[in-house]
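Topology and contacts: notes
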Amino acid sequence: FSPTQKFPQAEFSPYQNTNYEWNPIGSGIMWNAYNFPVFLLSESSTLTLQEAATKNEKSKKAYTADVAEFDLVMQTTKAGTHDSESCLKERTCLPLGGYSVWSSLPPINFSSPDQSKPVILTVASMDSASFFRDKSLGADSPISGLISLLAAVDALSHVDGLDDLTKQLVFIVFTGEAWGYLGSRRFLHELDLQSDAVSGLNKSSIEMVIEIGSIGKGLNQGVNEFYAHTAGATSATNDTLDALKRAQDSLKSEHIISSTANASNPGIPPSSLMAFLRKNSLTSGVVLEDFNSVFSNKFYHSHLDDMSNINSSAIVAAASLVARTLYILASDNKNLSSSALTAINVNVSLVQALMGCLLDCDPGLSCELVKNYISPTNTCPSHYVGVIQDEPSSTPYLGYVDDVSRFLWNFLADRTSVPRENSSSTCAKGCRNKGEVCVRAETDGKGVCVISTTRYVPAYSTRLKFDSGDWIVLPPNSSDPMGMVDPVWTESNWNAIGLRVYEVQNATYDRLVLLGGIALTVLAYLAIVFTQAFITKALKRD
């Protein structure tokens, strides 16, 4: 069951063949307009309604019936603002968006005169979509890739001599990708503007983009098999494929196979790399996936894409492959010793913990790993992008940043950091030295200052502008080809959704009671009239 299109977000594709079916079972029903609400019930609510329906069926001739009432008021419907431009103007909706997170390993040395190292950018996504807003887990697509990226960062953070690497490793996790690649498009726009959100990065220095896509179903008959979908027949792309092969060879005992995707594919599959290619068609990139020509995930963008749909060993294998590949590329050393590679190992327990935190309600976001960094507002994770509530900023008010983004920022800042000489220094009064950030500030109100290049990047449509407290929809601009087909997604303001079941009397019975009441009233009136006449007559005789 996949309610999205057969070629998800084909309008943003960098190639012409948009009739290709990456997702053959996609029905597209989640993109249809419906004039009635559709609800996904919990198990307990389902049982309650089934009992009511069964009771109604058994007592068809009874004068009572159980009915269900849904409490759902969308402000856009109430106010008659039925498109994004009008609802934003009337403030009955908010734009979809959130905060992406990027971090460099090792931290970028801003005091160094040489900041021109080529950048290897490793990408994953943190948001999914489904027919039902709060049931967007996206276990295989894309959270398996996100967990793999985090595990790879952790593995590389334990390697000595990272400062001696000839290339700079940068990791970014986008949000809003399921809704028109909001995160990647905004990131590239911020690079053009050289805003504070991307301070330390330059688009001309990005040599290679490696994206970790859906890799949670890579295990097949005891072998972890992945496919590299490439863009650009450049030396950087070829070097990356060679590095993947060397990394695979160093992991022979792990039964990992990395193959180049079928050359007959029209291009790369739906991914953030598409935004990079639409921005610059000469971008060199590789997308690592668990499929060759069609999605292996049968529940793509479905509420059924949960933890049972992926395998932890596939995530560990992909993380191992990516971590060693990145080290090979960043060291730029053809004679790298095998011992240097075998020293890079993924923490299996970390992968399993991340799966439990990000893909299950037990323990969910209340898990020890997450609570070590932030104070989560929810327990059950959902990877719907949400809305952006205030003026976008690289230093946003954390109350407007969702749990997952805040956790990722703290996790990446911690894992990619260099401790201060006075590592016991708390950041209760802020981190004053350049290049320092405060991690774990939510847990005890103090936190610790560490040296790390970790930033929030606002993620929202490039066709939106925040001005004096209002969102303004900008007209399509031919210089922004992806913006030309961007519908500018918004979400209506709404109150809590409720469902209640209660008993009502049958309408026929109500009518009989009404008629009986009227008849009784008439009879009573006649009785009073006759009684009054009789009494009057009797008194006259006396």
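These notes cover the structure that comes with them. (Residues numbered from 1 in each chain as written. Predicted model: local features only at pLDDT ≥ 70, side-chain atom pairs only at ≥ 80, totals over all residues. Heavy atoms only, no water.)

1. Here we look at the overall build of the chain
- The helix and strand inventory of the chain stands at 15 helices and 18 strands.
- Across the 542 residues in the chain, those meeting the buried criterion constitute 47%.
- The long-range fraction of contacts in the chain, counting pairs at least 24 apart against all pairs at least 6 apart in sequence, stands at 78%.
- If you sum the accessible surface of the chain, you get close to 26,100 Å²; carbon and sulfur atoms cover 52% of it.
- Across the chain, 41 positive and 55 negative side-chain charges occur, with their mean positions spaced 6 Å apart. (Helix = DSSP H or I, 4+ residues; strand = E, 2+ residues; numbered from the N terminus. Buried < 20%, exposed > 50% of the residue type's maximum accessible area, 1.4 Å probe, protein only. Contact = heavy atoms within 4.5 Å. Areas by Shrake-Rupley, 256 points an atom, 1.4 Å probe, with all protein chains shown as cover. Lys, Arg positive; Asp, Glu negative; His and termini not counted. Charge placed at Lys NZ, Arg CZ, Asp CG, Glu CD.)

2. Some thoughts on the pattern of salt bridges
- Evaluated as defined, the whole model comprises 14 salt bridges.
- With a closest N to O distance of 2.8 Å, Asp154 and Arg415 form a salt bridge. Taken as a pair, Asp154 in helix 4 (residues 139-157) and Arg415 in helix 12 (residues 403-415) lie far apart in primary sequence, 261 residues in all. Side by side, Asp154 and Arg415 carry an identical accessibility label, which is buried.
- One network of salt bridges, in which partners are shared, links Asp154, Asp414, Arg415 and Arg440. (Salt bridge = Lys/Arg side-chain N within 4 Å of Asp/Glu carboxyl O.)

3. Concerning the side chain of Thr122
- Considering the arrangement of structural elements, one finds Thr122 in strand 4 (residues 119-125).
- Classification of Thr122 by relative accessible area gives buried; the value is 0%.
- Ignoring any residue separated from it by four or fewer positions in sequence, one finds Thr122 in contact with Leu149, Val170, Phe171, Ile172, Ile210, Ile212 and Leu326.

4. Points about the packing of aromatic side chains
- As enumerated under the stated definition, the model contains 24 aromatic pairs in all.
- Note on Trp179 and Trp489: the rings are 5.3 Å apart at their centroids and 75 degrees apart in plane angle, and the pair reads as edge-to-face. With Trp179 in the loop between strand 5 (168-174) and helix 5 (182-193) and Trp489 in the loop between helix 14 (481-484) and strand 17 (490-492), this pair connects stretches of sequence that are 310 residues apart.
- Given a relative accessible area of 32%, Trp489 falls into the partly exposed group.
- Three or more aromatic residues link up through ring pairs in this structure, and these residues are Tyr20, Trp22, Phe291, Phe295 and Tyr300.
- The lysine or arginine in question, Arg186, covers the ring of Tyr460, its NZ or CZ lying 3.8 Å from the ring centre. (Phe/Tyr/Trp six-rings, centres within 6.5 Å; stacked < 30°, edge-to-face > 60°. Lys NZ or Arg CZ within 6 Å of the ring centre and 35° of its normal.)

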